[in-house]
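What the coordinates show
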Amino acid sequence: MATNTADTQADPSADEFDPRQIEAAAQARWAAEDSFAASDNAAEDDKFFCLSMFPYPSGQLHMGHVRCYTLGDVIGRYQRLIGKNVLQPMGWDAFGLPAENAAIKHNIPPAQWTRDNIAHMREQMQSLGFAFDWSREFATCDPEYYRWEQWFFIRLYKKGLVYRKSSMVNWDPVDQTVLANEQVVDGKGWRSGAPVERRELPQYFLKITDYAEELLTALDELDGWPESVKSMQRNWIGRSRGIEIVFGVADEPADSAAGSLSVYTTRPDTLLGATYLAVAPEHPLAQAAAQADPELAAFIDSCRNVKAAEAELATIEKRGMATGRDAVHPLTGERLPIWVANFVLMDYGSGAVMSVPAHDQRDWEFARKYDLPIVQVIEPLPDSEATCNLEQAAYTDHGRLINSGSYDGLDFEGAFDAISEALAAQGAGKETVNYRLRDWGVSRQRYWGCPIPMVHCDDCGVVPELESNLPVVLPTEVTFEGVRSPLTTDERFLACTCPICGGPARRETDTFDTFMESSWYYARFASPDSNQPMLDDRAKFWTPVDHYVGGIEHAILHLLYARFFHKLMRDEGLVDSDEPFRQLLMLGMVLKNGRKMSKKDGDAANPQTLIDRYGADAVRTAMMFAAPPDQSFEWSEAGVEGQARFLKRLTAQVREFVAGKPAPALDPAQLSKAGKALRRKAHEALDRAGDDYGRRIQFNTVVSRVHELSNAIRELPGDHAPDRAAVAEALRFAVVILSPIAPHVTQHLWELIGESSVLATSSWPAVDPDALVLDTIELVVQVNGKVRGRIEVEPAIDADAAQALALGDANVQRFVEGKTVRKTILVPGKLLNLVVG
């Protein structure tokens, strides 16, 4: 290590620690040398695509952003140090309701609000020193980006993977838009918090259900994903094996459309316990019955305003009304009343369910409320501890059939097969696989989004725009009247020509769900300037993403859609992998007073305040030190202050060392015992830090080890000249180890110790295996199982030699004197037990 003694003495500010000056210098050098540009031409084995979920440009970073992007940055910086060609890009998830709502509130166009926020947040990110390749930056509101989303949508439409139909949807009455099922949380809009209503609107859908089985089974191959996330997706996809059963409708011709009613059940063993059927308010049978029954019509109309989505159905009050029609049981011929019920959704299954109140809690509650029969057909198995008391609740476990005629005594599997065969023989049922997952409704009735590239023609219907006319550009100079989308009245946007007949037509005014943009942005980062086609071969080179970092709240909303989109792009030949993200890091939350931090926390939630006060590296280091990445933790400014003090001490430590005598060449044989111990600690820290960065993804322990290493350097006696070489090596290791977390100050220290390169693009040092070997170890000495002493021995010492050394210890001698050592027990590396008597 060079000393730079003259330079240090010539610098009057050498004893000062100015984070702003240090950070500005490092950032200027990175920019000048384009340190973080990824190469599209390197060897494929060397590529590492490190990506953090891109932010919505809300106006300022919050502590959750700092944690997410620092974690991703640490991962990427370490991979670069070990020789990887790292792609770490950044962009903006720029469309969405917050910009539109802000525009309405402040009378400012969403485009201007968004661009201003992007500029401010980019400055904040740059001040934190994130190693982003800014040359690949884009915002999803750029026409150059969403043009290809429109192009791809048209391709999917032509392949039959897109369709339009009127459907009951989740309507957010505050944000005045449709929400996907995944965007309804506890019956409320995920952004507005308003109770969601049910409405019927024409919508565009992507056929995600065509990929349900692959989306499910491929989860087993995602070894780098947390099991909790995979479990959430499995549950959401919801694969089930059951039987589709056809009930006849009494007094209707069997071969007519109204002559049958189809239901799906996973419990055919309970078929003989069905006492009524329930249909959705929108079911054709219910609608037909309501035409002759004003009271029923009024009830159905009231159900349209029920503020409920599928996630809330288990908790809402169960309400229903008889239709006056009966279904015919396919096995017994018994007539069962058909009810309309508010807990049955038309978009799930056939919109009708077989109700078995003895063995389904929801059906039991409904039957008790409306005094409907409850017939037990399942009893607990003889060796089961379960009990059945239908006066208190339904019995929902599997068991043994009773009151089921020839099926009595069968268990679940036996009854499933027997009843399935009986129904199939009558043409009244078939075994089938069903999914909870429903097709993805992508229409939103708001302005600030990607225009859906469809055209409405009076003669040709709804048809896709010509690809040569893309992009369909969203006008940015708009004026709002209330929350209504200005697209609905903007003739400049609306008027167009039909792509089929050439006649006058009108554009679609719905825009895409913003999850469309975030479902493929990662691939566009790989080829951000590709103009033909949507992606080029660079996307195949870079994808899948090697490490993806983000919040657990996106486990379904974003990650499932992105997996689906990747498979669509694969099938279009745009990528050649099956999954978008190889390894996934899901973050815990940053808390304040036990809740997630928000703007309500004022300066405590604003990282810029802390950056200005303590420096970016102190904020980064404190955030990484606070907790393992997947754990939530309580944020405290005191942690930043503590790490700022440490960085200042480390800087002073390096400056003091380089101002001293030059360090000699390292000769391990010349080191003192203390010098060897320091060198061993340095190489252990290097070895474990590599594992923490690369495998364990536990960065709090990295910070701890640098603290310990710094303390060990300080405690080394300074009276043995060759030991300065061990100090030089240990300080160098401390700087490199800490550099992914605190990149600015470590670049400064790197230069202080005489290096001229950019540390971020240098190499991770090699661990010397010999340095890890202990010359001596401490053995605990026991006499008859009680600790009586400690001795320093060679690691490979045998029992006899260890006994001889132990007997030379004065305290051990006191407990052995006058006695015979009858047995010696050596636990290598730990203890020696002398059994005496």
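To start, this report covers the structure provided alongside it. Nothing here was measured: the structure is a model prediction, and the numbers come from that model.

A look at the sheet that holds strand β30 (residues 786-793)
Whenever strands of a sheet pair, they do so through backbone hydrogen bonds, lying parallel or antiparallel. A sheet is described by the order of its strands in space; here 4 strands give the open sequence β30-β29-β32-β31, paired in mixed fashion. Each edge of the open sheet is held by one strand with a lone partner, namely β30 and β31 (821-827). For this sheet, the mean angle separating the axes of adjacent strands, direction not counted, is 20°. Alignment of strand β29 (residues 777-783) against β30, held across 7 bridges, turns out to be antiparallel. Paired with V783 across the two strands is K786, which belongs to β30. Across the sheet, helix α25 (residues 799-807) touches β29, β30, β31 and β32 (831-836), and the angle it forms with β32 is around 75°.

A closer look at helix α10 (residues 294-304)
Each α-helix winds once per 3.6 residues, and so residues spaced three or four apart point in a common direction. Restricting attention to buried positions, one finds in α10 the residues L296, F299, I300 and C303. Axial view of α10: buried residues confined to an arc of 100°, hence all on one face. Exposed side of α10, more than 90 degrees from the buried face: P294 and E295 are the residues found there. Against the buried residues of α10 lie α9 (284-290), β11 (320-328) and β12 (335-341). Near the N-terminus of α10, the side chain that reaches the backbone nitrogen of E295, with its oxygen 3.1 Å away, is that of D293.

Re the packing of helix α21 (residues 673-696) against helix α22 (residues 700-715)
The N-to-C vectors of α21 and α22 enclose an angle of 170°; their axes lie 9 Å apart at closest approach. Comparing their axes, α22 and α21 come out roughly antiparallel. Here L678, K681, A682, A685, R688, A689, D692, Y693 and R696 of α21 come into contact with α22, specifically with T701, V702, R705, E708, L709, A712 and I713. Its residues assigned to classes, the contact of α21 with α22 comprises 9 nonpolar, 1 polar and 6 charged.

Observations concerning unusual backbone geometry
Across the chain, the bulk of peptide bonds are trans and the bulk of non-glycine residues have phi less than zero. The step from L470 to P471 runs through a cis peptide bond, and the omega angle for that step is 0°. Topologically, P471 is positioned in the loop between β20 (461-464) and α13 (491-494). That bond from Q532 to P533 is cis: its omega, 0°, falls within 30 degrees of zero. Among the secondary structure elements, P533 is positioned in the loop between α15 (521-526) and α16 (537-542). Even without a glycine there, the phi angle at D34 is positive, about 50°. Here D34 shows up in the loop between α2 (19-32) and β1 (47-52). Assessed through its relative accessible area of 52%, D34 is described here as exposed.

Observations regarding empty space enclosed by the protein
Per the stated rule, a full pass over the model turns up 4 cavities of 30 Å³ or more. What lines the largest cavity is a set of 17 residues, among which G96, L97, R444, D513 and T514 lie closest to the centre. Of all the elements in the fold, those that place two or more residues in the lining of the largest cavity are α4 (97-106), β4 (177-179) and β23 (511-512). No other element matches the 3 residues that β4 contributes to the lining of the largest cavity. Classifying every residue of the lining of the largest cavity gives 6 nonpolar, 6 polar and 5 charged.

Observations concerning the nonpolar core
Counting residues in hydrophobic clusters, the biggest one holds 177 residues, and the most contacted among them are F153, L206, W440, M534, M569 and W635. Top element by residues in this core is helix α23 (residues 723-738). It accounts for 11 residues. Ranked by size, the runner-up nonpolar core spans 38 residues in total, among them L271, A274, F299 and L336.

With respect to a negative patch on the surface
On the surface, E44, D45, D46 and D576 cluster together into a patch of negative charge. Relative to the elements of secondary structure, D45 occurs in the loop between α2 and β1. Classification of D45 as exposed rests on a relative accessible area of 67%.

Examining the packing of aromatic side chains
Applying the stated criterion across every chain yields a total of 41 aromatic pairs. Residues Y693 and W764 carry aromatic rings whose centres are separated by 5.9 Å and whose planes lie at 85° to one another, so their mutual orientation is edge-to-face. You can see Y693 sitting in helix α21 and its partner W764 sitting in the loop between α24 (743-752) and β29, a full 71 residues away along the chain. Judged by relative accessible area, Y693 falls into the buried class, the value being 1%. Ring pairs connect the aromatic residues F54, F138, Y145, W520, Y521, Y522, F525, Y548 and F581, which therefore count as one cluster. In this structure, K165 is placed above the aromatic ring of F205, and the distance from its NZ or CZ to the ring centre is 5.7 Å. One Lys or Arg, R436, reaches over the ring of W236 and ends 3.9 Å from the middle of that ring.

Let's talk about the side chain of N342
With respect to the helices and strands, N342 occurs in the loop between β12 and β13 (352-355). Among the residues examined, N342 registers a relative accessible area of 8% and is labelled buried. Within polar-contact distance, the side chain of N342 engages the backbone oxygen of E317 at 2.9 Å. Within the structure, the side chain of N342 is placed 2.9 Å from the backbone nitrogen of R319, a separation counted as a polar contact.

A word on the pairing of strand β9 (residues 260-265)
Residues L261, V263 and T265 point to one face of β9 and are all buried, whereas S260, S262 and Y264, pointing to the other face, are not buried. The sheet contact formed by strand β8 (residues 239-249) and β9 spans 6 bridges and is antiparallel. Opposite V246, over in β9, you have S262 as the bridge partner.

The rules behind these values
- Residues numbered from 1 in each chain as written.
- Predicted model: local features only at pLDDT ≥ 70, side-chain atom pairs only at ≥ 80, totals over all residues.
- Heavy atoms only, no water.
- Pairing = 2+ DSSP bridges.
- Helix = DSSP H or I, 4+ residues; strand = E, 2+ residues; numbered from the N terminus.
- Axes fitted to C-alpha atoms, helices over the stretch in contact; angles between N-to-C directions.
- Contact = heavy atoms within 4.5 Å.
- Buried < 20%, exposed > 50% of the residue type's maximum accessible area, 1.4 Å probe, protein only.
- Arc of directions from axis to C-beta.
- Polar contact = N/O pair within 3.5 Å; in protein donor to acceptor, adjacent residues only side chain to side chain.
- Parallel < 35°, antiparallel > 145°, perpendicular 65-115°, else oblique.
- Nonpolar A, V, L, I, M, F, W, Y, C, P; charged D, E, K, R; others polar.
- 1 Å grid on protein atoms, 1.4 Å probe; cavity = no way out; pocket = protein on both sides within 12 Å on 5 of 7 lines; lining within 4 Å.
- Points joined across faces, edges and corners; volume = space filled by probe spheres on them.
- Core = buried A, V, L, I, M, F, W, Y, C linked by side-chain atoms within 4.5 Å.
- Patch = residues over 30% accessible without salt bridge, like charges linked within 9 Å, V, L, I, M, F, W, Y side chains within 5 Å.
- Areas by Shrake-Rupley, 256 points an atom, 1.4 Å probe, with all protein chains shown as cover.
- Salt bridge = Lys/Arg side-chain N within 4 Å of Asp/Glu carboxyl O.
- Lys, Arg positive; Asp, Glu negative; His and termini not counted.
- Charge placed at Lys NZ, Arg CZ, Asp CG, Glu CD.
- Phe/Tyr/Trp six-rings, centres within 6.5 Å; stacked < 30°, edge-to-face > 60°.
- Lys NZ or Arg CZ within 6 Å of the ring centre and 35° of its normal.

So far we have only geometry, and geometry alone does not tell us how the molecule works.
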